[in-house]
Amino acid sequence: MLHKIVIASSNAGKIREFNAIFAEKSIEIIPQTTFNVPDVEETGLTFIENAILKARHCCTHTGLPSIADDSGLIIDALDGRPGIYSARYAGKNSSNEEKIAKVLADMSEVLAPQRTARFISIIVFMRNHDDPAPIICEGIWEGSILTEPHGTNGFGYDPIFWVPEHRCAAAELNPVVKNQISHRAQALQKLFERLTM
């Protein structure tokens, strides 16, 4: 059984969620920053390609098994944008507030029934740099886009993502609840099942 896995991310919000979800498992999650691993350029055209790039890059630098998550917000009315560009939708190094503002501006003419959206997470686990069969797991969280931000929990687009079953924004959810139902939680649960088979 694995005891240590490096997470191929420097995103503080993502690392916090991973740690919370892994807390019940006997697996230590180590951020790539512990090993001074630089972020790799995400040149893939899909979430899967980018997650594999990040996991392999992390394995190469650390010599340890690695998990990478590539995730984003897909909005139907915007033809799937921001998609794989979710982290840099308002420009490189843009703040969460700037990204949210751009989405809301792009959606300003879209009526409620057409504001459907979903978060997607692709989790890739690689045992080593040369792993020929990485484990790939997907999580999808359906919702819609609000007209203004609500809540202070979470990160990224959570304040404008409406969660219908809880009748609130993702950023208004208790973090414990979010880490049970989110796209990332779904994908990681599938990964746990694969790792313990």
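Refer to the structure presented above.
This report concerns the structure included in the present document. (Residues numbered from 1 in each chain as written. Predicted model: local features only at pLDDT ≥ 70, side-chain atom pairs only at ≥ 80, totals over all residues. Heavy atoms only, no water.)

Here we look at the overall build of the protein chain
1) Next: Scanning the protein chain from terminus to terminus reveals 5 helices and 7 strands.
2) Next: Ordered by position in the sequence, the α and β elements of the protein chain form the string β-α-β-α-β-α-β-β-β-β-α-α.
3) Next: For the protein chain, whose C-alpha radius of gyration is 17 Å, the value lies close to the compact-globule estimate of 16 Å for 197 residues.
4) Next: Principal axes of the C-alpha set define a box for the protein chain whose edges measure 50 × 30 × 25 Å.
5) Next: Here the protein chain holds 197 residues, and 49% of them are scored as buried.
6) Next: Counted over contacts in the protein chain with a minimum sequence separation of 6, partners at least 24 positions apart contribute 60%.
7) Next: Accessible surface computed for the protein chain: about 9,800 Å², of which carbon and sulfur atoms make up 52%. (Helix = DSSP H or I, 4+ residues; strand = E, 2+ residues; numbered from the N terminus. Rg over C-alpha atoms; globule rule 2.2 N^0.38 Å. Buried < 20%, exposed > 50% of the residue type's maximum accessible area, 1.4 Å probe, protein only. Contact = heavy atoms within 4.5 Å. Areas by Shrake-Rupley, 256 points an atom, 1.4 Å probe, with all protein chains shown as cover.)

Quick notes on the packing of helix α1 (residues 12–22) against helix α5 (residues 183–195)
1) Next: Orientation of α1 relative to α5, taken along the N-to-C sense of each, is 45 degrees, at an axis distance of 11 Å. Judged by the angle between their axes, α1 and α5 are oblique. Judged by the sense of rotation from one axis to the other, the crossing of α1 with α5 is right-handed. In contact with Lys14, Glu17, Phe18, Ile21 and Phe22 of α1, α5 contributes Arg184, Ala185, Leu188 and Phe192.
2) Next: Across the contact of α1 with α5, the residue classes tally to 6 nonpolar, no polar and 3 charged. (Axes fitted to C-alpha atoms, helices over the stretch in contact; angles between N-to-C directions. Parallel < 35°, antiparallel > 145°, perpendicular 65-115°, else oblique. Left-handed = near helix turned anticlockwise from the far one by under 90°. Nonpolar A, V, L, I, M, F, W, Y, C, P; charged D, E, K, R; others polar.)

Re the side chain of Lys99
1) Next: Structurally, the position occupied by Lys99 is in helix α3 (residues 96–106).
2) Next: Salt bridges are absent for the buried Lys99, whose nearest opposite-charge side chain, Glu98, sits at 7.5 Å.
3) Next: Within the local environment of Lys99, its side chain forms a polar contact with the backbone oxygen of Ala87, the two atoms lying 3.1 Å apart.
4) Next: Filtering out sequence-adjacent residues up to four positions away, Lys99 remains in contact with Ser86, Ala87, Arg88, Tyr89, Ala90, Ser94 and Tyr157. (Lys, Arg positive; Asp, Glu negative; His and termini not counted. Salt bridge = Lys/Arg side-chain N within 4 Å of Asp/Glu carboxyl O. Polar contact = N/O pair within 3.5 Å; in protein donor to acceptor, adjacent residues only side chain to side chain.)

Structural notes on the environment of Phe155
1) Next: Here Phe155 lies in the loop between β5 (135–145) and β6 (161–163).
2) Next: Taking the C-alpha atoms as reference, Phe155 lies 9.9 Å from Asn11; in sequence the two are 144 residues apart.
3) Next: Setting aside its immediate chain neighbours within four residues, Phe155 contacts Asn11, Gly13, Lys14, Glu17, Asn96, Lys178 and Arg184.

Things to note about the layout of surface pockets
A water-sized probe rolled over the atoms picks out the places where empty space is left.
1) Next: When its volume is computed, the largest pocket comes out at roughly 1,000 Å³.
2) Next: In this structure, the largest pocket is lined by 35 residues; those nearest its centre are Asn11, Lys14, Glu42, Ala87 and Arg88.
3) Next: When residues of the lining of the largest pocket are traced back to their parent elements, those giving at least two are α1, α2 (47–62), β3 (66–75), α3 and α5.
4) Next: Approximately 250 Å³ is the volume found for the second largest pocket.
5) Next: If you trace the second largest pocket, you find it lined by Ala20, Ile21, Glu24, Lys25, Pro175, Val176, Asn179, Gln180, Ala185, Leu188, Gln189 and Phe192.
6) Next: Of all the secondary-structure elements, those providing two or more residues to the lining of the second largest pocket are α1, α4 (175–181) and α5. (1 Å grid on protein atoms, 1.4 Å probe; cavity = no way out; pocket = protein on both sides within 12 Å on 5 of 7 lines; lining within 4 Å. Points joined across faces, edges and corners; volume = space filled by probe spheres on them.)

Notes on the pattern of salt bridges
1) Next: Under the definition given, this model contains 12 salt bridges.
2) Next: In this structure, the salt-bridge partner of Asp70 is Lys54, at a minimum N-O distance of 2.9 Å. Pair noted here: Asp70 is in strand β3 and Lys54 is in helix α2, with a separation of 16 residues, a long-range link.
3) Next: For Asp70, a relative accessible area of 3% puts it in the buried group.
4) Next: Where Asp76 meets Arg118, a salt bridge forms, and the shortest distance between an N and an O atom there is 3.0 Å. With Asp76 in the loop between β3 and α3 and Arg118 in strand β4 (residues 116–126), this pair connects stretches of sequence that are 42 residues apart.
5) Next: When its relative accessible area of 16% is taken as the criterion, Arg118 is described as buried.
6) Next: Beyond isolated ion pairs, a larger network of salt bridges with shared partners links Lys14, Glu17, Asp69, Asp158, Lys178 and Arg184.

Here's the deal with the sheet that holds β4
1) Next: Strands sit in the order β2-β1-β3-β4-β5-β6-β7 across an open sheet of 7 strands; the sheet is mixed. The two strands at the open ends of the sheet, each matched to only one other strand, are β2 (28–31) and β7 (168–169).
2) Next: As paired strands, β6 and β7 are joined by 2 bridges and run antiparallel to one another. Each residue of the ladder has a partner; that of Val163, found in β7, is Cys168.
3) Next: Against the sheet, α1 makes contact with β1 (4–7), β2, β3 and β4, and its axis sits at roughly 115 degrees relative to β3, the strand it touches most. (Pairing = 2+ DSSP bridges.)

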